[in-house]
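Here is how the chains run, residue by residue.
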2 protein chains.
Amino acid sequence: MNGVMHTLDVHSAPPSSILALDHIRGVLQRLEDTIVFQLIERAQFARNPRCYLPGAFAELKQRENWSGSWIQWFLKETETTHAKLRRFEAPDEYPFTSPELLPKPVLEPVTYPKLLWPHKVNVNDKILQFYIDDIVPTITRNLGEDGDDGHYGSSAIRDCEVLSAMSRRIHFGMFVAESKFRSEPASFIPHIRSRNRDELANLITKPAVEAALLVRLGKKAEVYGQDMNRPGATDEEREKERKIEVEAVVRIYKNFVIPLTRDVEVDYLLTRLDGVSDDEVKTMLETNRYPETD
Amino acid sequence: MNGVMHTLDVHSAPPSSILALDHIRGVLQRLEDTIVFQLIERAQFARNPRCYLPGAFAELKQRENWSGSWIQWFLKETETTHAKLRRFEAPDEYPFTSPELLPKPVLEPVTYPKLLWPHKVNVNDKILQFYIDDIVPTITRNLGEDGDDGHYGSSAIRDCEVLSAMSRRIHFGMFVAESKFRSEPASFIPHIRSRNRDELANLITKPAVEAALLVRLGKKAEVYGQDMNRPGATDEEREKERKIEVEAVVRIYKNFVIPLTRDVEVDYLLTRLDGVSDDEVKTMLETNRYPETD
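Residues numbered from 1 in each chain as written. Chains lettered and ligands numbered in written order. Predicted model: local features only at pLDDT ≥ 70, side-chain atom pairs only at ≥ 80, totals over all residues. Heavy atoms only, no water.

**What to know about the overall build of chain A**
Moving on, step 1. Secondary structure assignment for chain A yields 13 helices and zero strands.
Moving on, step 2. Along chain A, helices (α) and strands (β) appear in the sequence α-α-α-α-α-α-α-α-α-α-α-α-α when read from the amino end.
Moving on, step 3. Since a compact globule built from 294 residues should have a radius of gyration of about 19 Å, the 21 Å found for chain A is in line with a globular shape.
Moving on, step 4. For chain A, the spread of C-alpha atoms along the three principal axes comes to 65 × 50 × 40 Å.
Moving on, step 5. Across the 294 residues that make up chain A, the buried fraction comes to 57%.
Moving on, step 6. Counting only contacts in chain A whose residues sit at least 6 apart along the sequence, the fraction spanning at least 24 positions is 73%.
Moving on, step 7. Split by element, the accessible area of chain A, about 12,700 Å² in all, is 50% carbon and sulfur. (Helix = DSSP H or I, 4+ residues; strand = E, 2+ residues; numbered from the N terminus. Rg over C-alpha atoms; globule rule 2.2 N^0.38 Å. Buried < 20%, exposed > 50% of the residue type's maximum accessible area, 1.4 Å probe, protein only. Contact = heavy atoms within 4.5 Å. Areas by Shrake-Rupley, 256 points an atom, 1.4 Å probe, with all protein chains shown as cover.)

Structural data, given as structure tokens:
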């Protein structure tokens, strides 16, 4: 190990190095490991469909006045703790819970470098819906189509971990978008003005990078998801004991993480010129350069 | 995948199958994966020594009247949420926070099968101390001897995950002890009566099993801790980019997890005859059988 930063170095680096595409890609690749790990951790418990059904636990309604689902309650409780620690002041963290239900930080605020343009992007509702409807049933199928093992707390803890890693990964798209915008603003400005989502998506999409990602992700799921508890097992036995299916993980990224990241990038870009003066826009169009401030 | 249970099947199986050594070993081996995963997740952040120093955050004292450390506060907050979900009523879950600081469950109690004899074993103070003094400095050394990256919330979330998995692993020793006691009570009874810790430790220690564990664990750390983000890298480059050192993980188990599990097992056995009638003890001694009740 040589101390390469795979976390977002918001506390000490200048914006230009935080927004360097290589740095962003390093963080995103490290996040793939986390997502695969946490999916594997979730997959050891049954689907537990009750946990995702609003109102399924009468006690939560009676004692906590909570009419949502178990997982939404658990997210709210967990995010309450994290909000006190100012988690959602970081530019790469977005809560699943409505901000008005979360407390103010206990800690003094941190001054973060200005990385993103002011925006209102938060796709966590979509992430939660896809997670409940598609990801959980897929990765828990081996324990029964609608399996219930009673480990509601344990599965909720893992749900929270997966959801928070995926949310971070998907919203990280805004750093990618900001980085690409800064590197060639003149290419983006006309399509932002004409609100052309397709052209904006084309500008930020690199099919070769996505193809490489899916190959790499499949290898990670293959390696991290193998059962290493029976050294004498044959390949076939080992395959039967996999902790997670390779294809399931690849599909989650292909059908969901990547498209939703692209939506986030485009949503972000669409408001990227709000509040930028005509003069500034003109200069960026003429020079195709972003005025560096750090 | 074929649906093998690697979790503790307390909600549906009878005590005799839960306490079968094969089942317990399956759970312990699965927990190794979790511990390795979570150590890797923690190791991406710096040591952040401030988080482990009582009183280091004035705000926690002022606003939350908390004079302990950041990590103790974070454990208390997290365990408060989990206590509401009745986590600590499960026979394999023990809190780091003093029980009088934790709320009552919001949910109706679950009836667990009677697996363990009544006991007061909780070594979480020792686990936390070793974690702070030894494990965190070891696994974060690559980011600087006393590195501080400001990611206090992120590292605390991972601390909580590692600590809770290790605590579960170590306290699980009581299931092992109970299982072995039930299988040949006559061997244990004389040493329990004479309070002979060494003989009790001998009865539960299987050197071949421990040796196999350390080999298996090293392989897991090797495989799960490899950097898979640069497919073209040489073995040497890849080794430099490891997410965690194999030897560090093996040492954590060898110097700490295994000995502390043994202490837990012996502590538990020492009070295993409290409240058992002389007649019952005599019968167990004569028959060398445990009266099955399920």
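There's more to say after this.
**Quick look at helix α4 (residues 70-84) of chain B**
Moving on, step 1. In this model α4(B) runs 22 Å from its N-terminal to its C-terminal C-alpha over 15 residues, within 8% of the 21 Å that 1.5 Å per residue would give.
Moving on, step 2. Of all 15 residues in α4(B), 13 are buried; the element is thus mostly enclosed. (Expected span 1.5 Å × (residues − 1).)

**Remarks on the nonpolar core**
Moving on, step 1. With 180 residues, the main nonpolar core has L39(A), M166(A) and M166(B) as its most contacted residues.
Moving on, step 2. Here L39(A) is in contact with I135(A), I139(A), V162(A), M166(A), I244(A), V249(A) and I252(A), once residues within four sequence places are set aside. (Core = buried A, V, L, I, M, F, W, Y, C linked by side-chain atoms within 4.5 Å.)

**Comments concerning the relation of the copies chain A and chain B**
Moving on, step 1. Of the transformation placing chain A onto chain B, the axial shift is 0.0 Å and the rotation is 180°, giving an RMSD of 0.0 Å. The two molecules are tied by a two-fold rotation axis, judged by turn and shift. When C-alpha positions in chain A are compared against the rotation axis, the closest is assigned to Y224(A), at 2.8 Å.
Moving on, step 2. Comparing contact sets, 100% of the residues at the interface of chain A also lie at the interface in chain B, consistent with an isologous, same-surface contact. (Least-squares fit on C-alpha atoms with pLDDT ≥ 70 in both.)

**Focus on the UniProt feature "domain: Chorismate mutase" (unreviewed entry) in chain A**
Moving on, step 1. Here the UniProt-annotated "domain: Chorismate mutase" (unreviewed entry) positions come out as residues 158-265 of chain A.
Moving on, step 2. This span, residues 158-265 of chain A, is 80% helix and 0% strand, and a straight line between its end C-alpha atoms measures 27 Å. (UniProt positions renumbered as here; feature names shortened; annotations may be inferred.)

**Let's talk about the interface of chain A and chain B**
Moving on, step 1. Each side of the interface is counted separately: chain A has 62 residues, and chain B has 63 residues.
Moving on, step 2. Between chain A and chain B we count ten salt bridges in total.
Moving on, step 3. Between E108(B) and R63(A) there is a salt bridge whose closest N-O contact spans 2.8 Å.
Moving on, step 4. Scanning the region where chain A abuts chain B turns up 21 residue pairs in polar contact (both at pLDDT 80 or more).
Moving on, step 5. If you list the elements that add at least two residues to the side of chain A that touches chain B, you get α2 (21-42), α3 (58-64), α4 (70-84), α6 (152-171), α10 (207-224) and α11 (235-240) of chain A.
Moving on, step 6. When residues of the side of chain A that touches chain B are assigned to their parent elements, the largest contribution, nine residues, is made by α2(A).
Moving on, step 7. Considering only residue class, the side of chain A that touches chain B consists of 23 nonpolar, 16 polar and 23 charged. (Salt bridge = Lys/Arg side-chain N within 4 Å of Asp/Glu carboxyl O. Polar contact = N/O pair within 3.5 Å; in protein donor to acceptor, adjacent residues only side chain to side chain. Nonpolar A, V, L, I, M, F, W, Y, C, P; charged D, E, K, R; others polar.)

**Considering the packing of aromatic side chains**
Moving on, step 1. Evaluated as defined, the whole model comprises 17 aromatic pairs over all chains.
Moving on, step 2. Taken together, the ring pairs in this structure connect F37(A), Y224(A), F37(B) and Y224(B) into an aromatic cluster.
Moving on, step 3. Cation over ring: R50(A) sits above F57(A), and NZ or CZ is 3.9 Å from the ring centre. (Phe/Tyr/Trp six-rings, centres within 6.5 Å; stacked < 30°, edge-to-face > 60°. Lys NZ or Arg CZ within 6 Å of the ring centre and 35° of its normal.)

**Some details on the side chain of N48(A)**
Moving on, step 1. For N48(A), the position within the fold is in the loop between α2 and α3.
Moving on, step 2. In this structure N48(A) comes out as buried when scored by relative accessible area, which is 0%.

**Section: the environment of K126(B)**
Residue and element names in this part refer to chain B.
Moving on, step 1. For K126, the position within the fold is in helix α5 (residues 124-139).
Moving on, step 2. Given a relative accessible area of 49%, K126 falls into the partly exposed group.
Moving on, step 3. Here the alpha-carbon distance between K126 and E77, two residues 49 residues apart in the chain, equals 20 Å.
Moving on, step 4. Setting aside chain neighbours within four positions, we find K126 in contact with F256 and L260.

**Considering the packing of α6(A) against helix α7 (residues 173-183) of chain A**
Residue and element names in this part refer to chain A.
Moving on, step 1. For the pair α6 and α7, interaxial distance at closest approach is 4 Å and the crossing angle is 15°. Our classification of the angle between α6 and α7 gives roughly parallel. Counting all contacts with α6, which are made through R169, I170 and H171, the residues of α7 involved are G173, M174 and F175.
Moving on, step 2. The residue inventory of the contact of α6 with α7, partitioned by class, reads three nonpolar, two polar and one charged. (Axes fitted to C-alpha atoms, helices over the stretch in contact; angles between N-to-C directions. Parallel < 35°, antiparallel > 145°, perpendicular 65-115°, else oblique.)

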